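Inside the fold
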Amino acid sequence: MPLYHSRVYGIVQGVGFRPFVSRLAATHGILGSVCNKGPFVEIWAQGTENSLRAFFDAIERRPPERAAVLKVETERLTKPECYTDFQIIESHRERGDIFVSPDIATCDTCRAELFDPKNRRYLHPFINCTACGPRLTIMDAMPYDRERTSMKAFPMCPECRAEYENPATRRYDAQPVCCNDCGPEVYLLEDPSVRGQEAITRVRRTIAEGGIAAIKGIGGFHLCCDATNETAVSRLRTLKHRPVKPFAVMLRDFDVVTRECIVEPHEKEIILGHQKPILLLKKKPGGKIAPSAAPGAPSLGVMLPYAPVQMLLFTYPVDDVNMPDALIMTSGNPSGAPICRNDDDARENLTGFTDTILSHNRPILIRSDDSVMDFAAGEPYMIRRSRGFAPLPVFVKSDWKGEVLGIGGELKNTFCLGHGSLFYPSSYVGDMSDVRTIKALRESVTRMETLLETQPSIVSCDLHPRYHTAQVARGLGLPVFPVQHHYAHIVSCLAENDCHEPVIGVSFDGTGYGTDGTIWGGEILRADYAGFTRLGSLEPFLQAGGDKSSTEGWRIALAFLFALEGPEQAKKTADRLQLCTDREFNGLQFMFTHQVNCITSTSAGRLFDGVSALLGIRTRSTFEGEAAMFLQFAADDWGNTHSADMPSLPALLTSDDGRFLLPTKAMFRELLDLHLAGEDTGALAWLFHAKLAAAIVAGCEQARRGTGLSTAALSGGVFQNTLLLHLVTGSLKARGFTVLRHRLIPPNDGGICLGQAAAAMYAINNL
Ligand SMILES: [Zn+2]
Ligand SMILES: [Zn+2]
């Protein structure tokens, strides 16, 4: 009988995977063994061809509830029969065989126990089991046992210990197991004598009466208020200095989700799944959520409760507070700073925003913000990969050896530890503009190196010499391997898609430091792990005013007007468009004329800002990405009710250094003329997306002619724009291109750590 040797990668540890394989083997008459090997589970299986096929098919398609099979590698061996039964072999760990589970949302069985008055964990805010509960955020070091988690301060009572030690119970080997007698406790930070039930009731009352509370969850504190109460939500916006950026909303149950939003079947799976990210869903008309939860946005970021304490906020049968069924749940941090994770953080940073703070005494050792996910073409499209996903590794098929660190980007920072062919992106750290975030990055790197037993021999960082991340990287005392920003995006896309061939990399992003010292941002590269060539880019424009240009799109629009029609006419047009004040105009004219504080840029993000300003959608923004976001909303809105053909491919220009240029000036000119002629704003917003998509496709055609490659990899923050993604992908596929895109790694700067780490890993193995 044939013998198969197989490695199963994914979330296969601590989720009952081996007993599942063993039962399956019995069903199909398979002999052999199953063993945990750290990052994978090893299976030896002997049987008939048919039974083996059915056995492996079931492993891949119907794994246990909490498992996620990423990859099954199987080789067929010809060997005489050597098994007489099927065994679960106890694991012996080797160094480098590491697995750290992400945090897992409270399971349905625990939820049922939580609300069962006869259960001894009735209303216990920390209920968990082998299939659910905190993992990454409470871990101090490996191996994963109680002594090395933040549960070490809570010795198990005899009853909990009995469950913990008995393989027949749901809590066998569940490190955070606890109960009302032996577990952590909630309390009010402002008055720690108010604990347990009384604390929860007080917080529920505050929220029900329109107040703002901070609540300690799994990966940090949330700011929370009644999402159906416009006054409360507006007040939170004022206090947080966050006028427009959408808030996430936590809804009591799935019925409330379907009341507020349109849910497709594949989205339902994610909403109810055990990772519980914030999912962007289309709003339904007539919902009860306050308009200022996500002002002007057609979608809402929605999640269900994933920690017991959150469930108790909605439902608490022991008091008479009438709670709303929708709560704002936004990260508890001053803007720019990392999410607060302990009482000192919260006291210092959240007291001013809140009427009460509900804390608890189980320490959070690693911060983990909520993950944010969108859908594109029926598949997940990650915006922020953090709780529930980090530090799940990305597997790149290779014989790479060695250990590396990719320190990540300056905005939306995450970092990535690489260990041979496995790459572990961290949870979300934040924007490096705040010193507290830089400190958090240093701390988290050290902690993850310990947890993953990884000692990098090299660190990769962005090419930009003045980035804080580059400083952190240099401070580690390791050799530093700089990786160009837009190239790092493409390598992250190669790694996620496990592609080892050279590709046409379409890296459309905000701004990044180019190898020529100018600002890059809309780039078409020939790229593989070994390096890249810049084949083409957007036609350059002048970006004036330094950092301000990322939130002041009128500056970009004015730069185009200057280039197209000279200062005198530009002034007249700017006045017609109400782009800026006279004073602002004069300031910018001075910069252009004297070339002060101006830099040549091909930033695709800034191009969106400029067009958004031109069309009068946003001339200035309160956060980076706002202008582009509302430009897409206008285009989607129009596209939903109209149909239009893709424009023909434009002719490309050529730069002095011989690369091709996507003609943005001509595009801007056409939009300007149509806009001044009174064409509908939504139609023009759509037309811009379509024209840009056509230009990208023209660039890919040119690249294909020059290189003979016909695989295009799409990455960079601009591809968060699902309309652009859809238009580019559709058109490329129709022309015979293979298209690689992101799914579980963000296309934005939250994903570049993976590209940095993979490029460094390739370098130490090949260069
Ligand atoms: Zn559970
Ligand atoms: Zn107990």
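In what follows, the structure referred to is the one given above.
Residues numbered from 1 in each chain as written. Chains lettered and ligands numbered in written order. Predicted model: local features only at pLDDT ≥ 70, side-chain atom pairs only at ≥ 80, totals over all residues. Heavy atoms only, no water.

The subject of this paragraph is the coordination of the zinc ion (ligand 1). Coordination of the zinc ion (ligand 1) by the protein involves Cys107 (SG), Cys110 (SG), Cys129 (SG) and Cys132 (SG), with metal-donor separations of 2.3 Å. Geometry at the zinc ion (ligand 1) is tetrahedral, judged from the 4 donor atoms that bind it and their angles of 104 to 116° at the metal. Sequence spacing among the residues donating to the zinc ion (ligand 1) works out to C-x2-C-x18-C-x2-C. With Cys107 in the loop between β5 (86-89) and α3 (108-114) and Cys129 in the loop between α3 and α4 (158-165), this pair connects stretches of sequence that are 22 residues apart. With a relative accessible area of 1%, Cys129 lands in the buried category. (Donors = N, O, S within 2.8 Å, 3.2 Å for Na, K, Ca; no water. Tetrahedral: all angles 85-135°; square planar, octahedral: opposite > 155°, others 65-115°. Helix = DSSP H or I, 4+ residues; strand = E, 2+ residues; numbered from the N terminus. Buried < 20%, exposed > 50% of the residue type's maximum accessible area, 1.4 Å probe, protein only.)

With that out of the way, let us pick up unusual backbone geometry. Along the chain, Ala390 connects to Pro391 via a cis peptide bond; the corresponding omega equals 0°. Relative to the helices and strands, Pro391 resides in the loop between β17 (379-384) and β18 (394-395). Unusually for a residue other than glycine, Leu123 sits at a positive phi of about 60°.

Turning our attention to the packing of helix α19 (residues 681-707) against helix α20 (residues 722-734). Running from N to C, α19 and α20 point in directions that differ by 40°, and their axes come no closer than 9 Å. Judged by the inter-axis angle, α19 sits oblique to α20. Note that α19 runs across α20; the crossing there is right-handed. Here Trp686, His689, Ala690, Leu692, Ala693, Ile696, Val697 and Cys700 of α19 lie close against α20, whose contacting residues are Leu723, Leu724, Leu727, Val728, Ser731 and Leu732. When grouped by side-chain class, the residues that make up the contact of α19 with α20 number 12 nonpolar, 2 polar and no charged. (Axes fitted to C-alpha atoms, helices over the stretch in contact; angles between N-to-C directions. Parallel < 35°, antiparallel > 145°, perpendicular 65-115°, else oblique. Left-handed = near helix turned anticlockwise from the far one by under 90°. Contact = heavy atoms within 4.5 Å. Nonpolar A, V, L, I, M, F, W, Y, C, P; charged D, E, K, R; others polar.)

Tetrahedral coordination by four donors puts the ideal angle at the metal at 109.5 degrees, and octahedral coordination by six puts it at 90 or 180 degrees. Distances from the zinc ion (ligand 2) to its protein donors, Cys157 (SG), Cys160 (SG), Cys179 (SG) and Cys182 (SG), fall at 2.2 to 2.3 Å. Considering all 4 donor atoms around the zinc ion (ligand 2), angles at the metal cover 106 to 116° and the coordination shape is tetrahedral. Mapping the donors of the zinc ion (ligand 2) onto the primary sequence gives the spacing C-x2-C-x18-C-x2-C. Linking Cys160 in helix α4 with Cys182 in the loop between α4 and β6 (186-188), this pair joins segments that are 22 residues apart in sequence. According to the relative accessible area criterion, Cys160 is buried, its value standing at 0%.

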